[in-house]
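# Reading the structure
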Amino acid sequence: MTKFSGASERSQGLNQEQDSGIELLKLIMAYSISTSVRAAAQLGLADHLRDGPKSITELARLTQTQAIHLQRILRVLCANRVFREQPSNTYQLDELGRQLLSDSPTRLKDAALMLTDEAFLHCAGDLAQAAAGTPIFRDRFGHSFFEHWENKAIHDVFHQGVSGLSMASNHLLIEQIEVPEGATVVDVGGGIGGLLLLILQKNPTAYGILFDQAQVLENSVLPSLNQPERWKLLNGDFFESCPAGDIYLLQMIIHDWSDEQGVTILRNCKRSMSENGRILILESVIEPDNQPHGGKLLDLITMCVLEDSRERTLAEFEALFDQAGLRLKRRIQTDGLCSILEVGHK
């Protein structure tokens, strides 16, 4: 009896080992899902399927691809709820695929093209070197990450992509952001102003300042508000100063910089902020647990390309606030990538 029991336990252990190996192998190959999403965005597959299902032959004609190869990409995406094959050799949008439409409110098509650009993918394979402190982006490209995107040929890929990354969670954030009557809201490094636009639409007495570099402000979405008296574009450098205001939005800004640089940005906001003003830090907060979270993935993405960047724990954020002469008033958790850290004068 003991002999058979031991054999059974060894067999069970072997099966568990094999199952674990298969699970790990799936993780190893998962990058092919990201690159398939990139191909779908580049080929405009979601837009081609906007009005209904199409055969693989028709999709291949529209995208100037070969049906036999396009179908291989679609198989992966169908297995991940981006598209759906139904009936055979006919494809339609699935739940996630609608987010890849060019006019989707989430703008995730832009985020997909940015996050799978060679600037990110070429560095992602060198995490071991990044862990050793090697500036892998500068080593590969010969210049810094932000200098890279100053090239006009690819400038829009980055800034539209950053906007898309933010827009994916803006609808969750906007419900939690409270703006007093008549307040001036300063969007620091706010890109094209997608979040500020939503705030001004929701709060009709608020005034907005979009504060960023001149070449970024050229693509601002604020003119769509059709109320030019309620906002202005202001070119500047947040390491030098920030405009006067009551509420400051820092959406995925601090994570790009070292602690010292982050404190400088916060101090500049504090110097210009009204007595009862607030700074809203909209970023991922890393929890000290073993649970999956998008912020942990974003942390590795930034580690690959920005030498001093990182996502932070709540304790690390509070240390920055203290150095800047600020204090955390409350943390608002959302279902998205970012939490809202509301910070004020000590």
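For the structure given in this document, a descriptive report is provided here. As the structure is a prediction and not an experimental result, all values here were calculated from the model.

Once that is clear, we can look at the sheet that holds strand 8 (residues 273–283). The strand order across the open sheet built from seven strands is 6-5-4-7-8-12-11, with neighbouring strands paired in mixed fashion. Of all the strands in the sheet, just strand 6 (231–235) and strand 11 (326–332) have a single pairing partner and so form its edges. Sheet twist, expressed as the mean angle between neighbouring strand axes with direction ignored, is 20 degrees. Of the strand pairs in this sheet, strand 11 and strand 12 (residues 339–345) are connected by six bridges, and their pairing is antiparallel. Within strand 12, the position partnered with Leu328 by the bridge is Val343.

With the exception of glycine, most residues fall at negative phi, and the peptide bonds are largely trans. Gln86 connects to Pro87 through a cis peptide bond whose omega is 0 degrees. Looking at where Pro87 falls in the secondary structure, it is placed in the loop between strand 2 (83–85) and strand 3 (90–93). With a phi close to 55 degrees, Gln64 is a non-glycine residue in the positive phi region. By relative accessible area, Gln64 is classed as exposed at 75%.

Bringing the sheet that holds strand 1 (residues 54–55) into the picture now. The antiparallel open sheet is built from three strands, whose spatial order is 1-3-2. Of all the strands in the sheet, just strand 1 and strand 2 have a single pairing partner and so form its edges. For strand 1 and strand 3, the ladder comprises two bridges, and the chain directions are antiparallel. Counterpart to Ser55 in the pairing with strand 3 is Thr90.

About the criteria used
- Residues numbered from 1 in each chain as written.
- Predicted model: local features only at pLDDT ≥ 70, side-chain atom pairs only at ≥ 80, totals over all residues.
- Heavy atoms only, no water.
- Pairing = 2+ DSSP bridges.
- Helix = DSSP H or I, 4+ residues; strand = E, 2+ residues; numbered from the N terminus.
- Axes fitted to C-alpha atoms, helices over the stretch in contact; angles between N-to-C directions.
- Buried < 20%, exposed > 50% of the residue type's maximum accessible area, 1.4 Å probe, protein only.

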